[in-house]
Amino acid sequence: MSHHRFVVVGDSCAEGLDDPYPGRDHYRGWADFVAARLAEDDPGFRYANLAVRGRRLDQIVPEQLPAAARLEPDLVALFGGGNDVMSRGWDARTVARRVDAAIRACTEIAPAVVTFTLSDVSHRMPLGRRMRPRIVALNEAIREAAVSYGALLIDLWPDQAVTDSRYFGADRLHLSEHGHRRLAAYVLARLGHEPDPAWLAPLPGAAAPGSWRADVHWLVREVLPVAVTRTRNRLVGRQPGDGFLPKRPDLLPMTRDEAWAPGNA
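How each quantity is defined
- Throughout this document, residue positions are counted from 1 along each chain, in the order its sequence is written.
- Local features are withheld for residues below a pLDDT of 70 in this predicted model, meaning they are given only at 70 or higher, and side-chain atom pairs are given and counted only at 80 or more; totals for whole chains, interfaces and linings count all residues.
- Only hydrogens and water are removed before side-chain values are computed, so all heavy atoms of the structure are retained for them.
- Strands here are runs of E lasting at least two residues and helices are runs of H or I lasting at least four, both read from the DSSP assignment and numbered beginning at the N terminus.
- Put simply, the radius of gyration uses C-alpha atoms, and a globule should come to 2.2 Å times the residue count raised to 0.38.
- The cut-offs for exposure are 20% and 50% of the maximum accessible area for each residue type, with area from a 1.4 Å probe on protein chains only; residues under the lower value are buried, those over the upper are exposed, and the others partly exposed.
- Here, two residues are considered to be in contact whenever any of their heavy atoms come within 4.5 Å of each other.
- Note on areas: these come from Shrake-Rupley sampling with a 1.4 Å probe, and a residue is covered only by the protein chains present in the view.
- Here, axes are lines fitted to C-alpha atoms. For helices the fit covers the stretch in contact, and angles between N-to-C directions go from 0 to 180 degrees.
- Crossings are sorted by hand: turned counterclockwise from the far helix by less than a right angle, the near helix makes the crossing left-handed, and turned clockwise it makes it right-handed.
- For two strands to count as paired, DSSP must find a minimum of two bridges between them.
- Pairing of aromatic rings covers Phe, Tyr and the six-membered ring of Trp, with a centre-to-centre limit of 6.5 Å; geometry is then stacked below 30 degrees between planes, edge-to-face above 60, and tilted otherwise.
- Our definition puts a charge over a ring when NZ of Lys or CZ of Arg is within 6 Å of the ring centre and also within 35 degrees of the ring normal.
- Put simply, a nonpolar core is a bunch of buried Ala, Val, Leu, Ile, Met, Phe, Trp, Tyr and Cys residues held in one set by side-chain atoms that sit within 4.5 Å of each other.
- The working definition used for a salt bridge is a side-chain nitrogen of Lys or Arg within 4 Å of a carboxyl oxygen of Asp or Glu.
- Each helix should span, by expectation, one fewer than its residue count multiplied by 1.5 Å.

1. Remarks on the overall build of the protein chain
Move 1: The number of helices and strands found in the protein chain is nine helices and six strands.
Move 2: Relative to the globule expectation of 18 Å for 265 residues, the C-alpha radius of gyration of the protein chain, 18 Å, shows essentially globular dimensions.
Move 3: Seen through its C-alpha atoms, the protein chain measures out along the principal axes to roughly 50 × 45 × 35 Å.
Move 4: Of all 265 residues assigned to the protein chain, the portion counted as buried reaches 48%.
Move 5: When contacts within the protein chain are restricted to residue pairs at least 6 apart in sequence, long-range pairs at least 24 apart make up 78% of them.
Move 6: A total of about 13,000 Å² of accessible surface is found on the protein chain, and carbon and sulfur atoms cover 56% of it.

2. A word on the packing of helix H5 (residues 92-109) against helix H6 (residues 132-149)
Angle between the axes and distance between the axes are the two parameters that describe a pair of packed helices.
Move 1: Close contact between H5 and H6 brings their axes to 9 Å; oriented N to C, the two are set at 35°. In the crossing of H5 with H6, the sense of the turn from one axis to the other is right-handed. Residue-level contacts link Ala92, Val95, Ala96, Val99, Asp100, Ile103, Arg104 and Thr107 of H5 to Ala137, Leu138, Ala141, Ile142, Ala145, Ala146 and Tyr149 of H6.

3. Comments concerning the pairing of strand S3 (residues 75-79)
Move 1: Across the five residues that make up S3, a large majority, five, are buried.
Move 2: Every second residue of S3 is oriented toward a common face, with Leu75, Ala77 and Phe79 on one face and Val76 and Leu78 on the other, all of them buried.
Move 3: The pairing of strand S1 (residues 5-10) with S3 spans five bridges and is parallel. Bridge pairing in S3 places Val7 opposite Val76.
Move 4: By the bridge criterion, four bridges tie S3 to strand S4 (residues 112-116) in an arrangement that is parallel. Bridging from a neighbouring strand, Leu78 pairs with Thr115 of S4.

4. Let's talk about the packing of aromatic side chains
Move 1: Scanning the entire structure with this criterion turns up four aromatic pairs.
Move 2: Aromatic pair Phe33 and Trp199: ring centres 5.4 Å apart, planes at 50°, arrangement tilted. In this pair, Phe33 sits in helix H2 (residues 30-40) while Trp199 sits in the loop between helix H7 (177-190) and helix H8 (212-236), placing the two residues 166 residues apart along the sequence.
Move 3: Ring-pair connections join several aromatic residues into one group, and the members of that group are Trp30, Phe79 and Phe116.
Move 4: The ring centre of Tyr21 lies 5.7 Å from the NZ or CZ of Arg28, which sits over that ring.
Move 5: A cation sits over an aromatic face here: Arg182 above Tyr167, 5.3 Å from the ring centre.

5. Thoughts on the nonpolar core
Move 1: The biggest cluster of nonpolar side chains holds 69 residues, and the ones touching the most others in it are Val9 and Trp30.
Move 2: Element by element, the count of residues in this core is highest for H2, at eight residues.
Move 3: Excluding its chain neighbours within four sequence positions, the residues that come into contact with Trp30 are Val8, Cys13, Ala14, Ala77, Phe79, Phe116, His180, Leu183, Ala184 and Val187.

6. Describing the pattern of salt bridges
Move 1: Summed over the entire model, instances satisfying the criterion amount to 18 salt bridges.
Move 2: Salt-bridge contacts for Asp155 lead to Arg143; the nearest nitrogen and oxygen are separated by 3.1 Å. One end of the pair, Asp155, is in the loop between strand S5 (152-154) and H7; the other, Arg143, is in helix H6, with 12 residues separating them in the sequence.
Move 3: A residue is classified by how much of its surface remains accessible, and Asp155, at 31% relative accessible area, is partly exposed.
Move 4: Given a relative accessible area of 24%, Arg143 falls into the partly exposed group.
Move 5: Look at the salt bridges and you will find they share partners, linking Asp19, Arg28, Glu177 and Arg181 into a network.

7. Points about the environment of Arg97
Move 1: Considering the arrangement of structural elements, one finds Arg97 in helix H5.
Move 2: For Arg97, a relative accessible area of 55% translates into the label exposed.
Move 3: Taking the C-alpha atoms as reference, Arg97 lies 21 Å from Leu156; in sequence the two are 59 residues apart.

8. Focus on H7
Note: α-helices contain 3.6 residues per turn, so residues at a spacing of three or four share the same orientation.
Move 1: Taking 1.5 Å of rise per residue, 14 residues should cover 20 Å, and H7 covers 20 Å from first to last C-alpha, within 8% of that figure.
Move 2: Along H7, the residues classified as buried are Gly179, His180, Arg181, Arg182, Leu183, Ala184, Ala185, Val187 and Leu188.
Move 3: Those residues of H7 that are buried are in contact with helix H1 (12-15), H2, S3, S4 and S5.
Move 4: After H7 finishes, the residue Gly192 shows a positive phi value of roughly 90°.

Shown next, in the form of structure tokens:
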């Protein structure tokens, strides 16, 4: 099935962190790669990305989906839930209802919907095992809703690339360029398009082994600043993502040259 109007909604993983365009002030990511490939087969193809970093599912639905509906997409991709997992006051039943509402709403505005489970952060974060039960519960809700509403599921939980740190950015949470290309390949294959085989090929060599020094560096450089920011935001009533705008709010053409910017081949 061909798609002509592709709209992405979600959080930072849908926005494209941690895969910056060189020399530009926004991120690329798996969705841009997918859009560039789909555009190769259709000169009239258009792509919008409404995702905003930091947003939970209960924010994505009222903030992004009305705008997505106005664009009349024939393909929607939803990547969200990570911020729900990391939020205070976690409740599995509440998040399951959010998942159900979000996927249902997406299927009401587009005939084809792609959604994603989350990978297992416990492989790469010293504190990740505390989050693992939450991710398991979130993923189960996503799988159930995908079946209920006929969404196409990209299940990242069993992907063995999760054990290779090179697929992730410095924060060990967001995908690197390698990770975004790999995810783009999964999406394209699920949509019936042939991805670049290199995107799924094992990376050469081996990732640098973990060490306590690397973990301390990560805690100081990546975790502590986020914790301070979240605490400050709670004190002033600011929500994660406030002040950020979608990187691509309108349906626009997408070319291979745009996604494969110099330095990104």
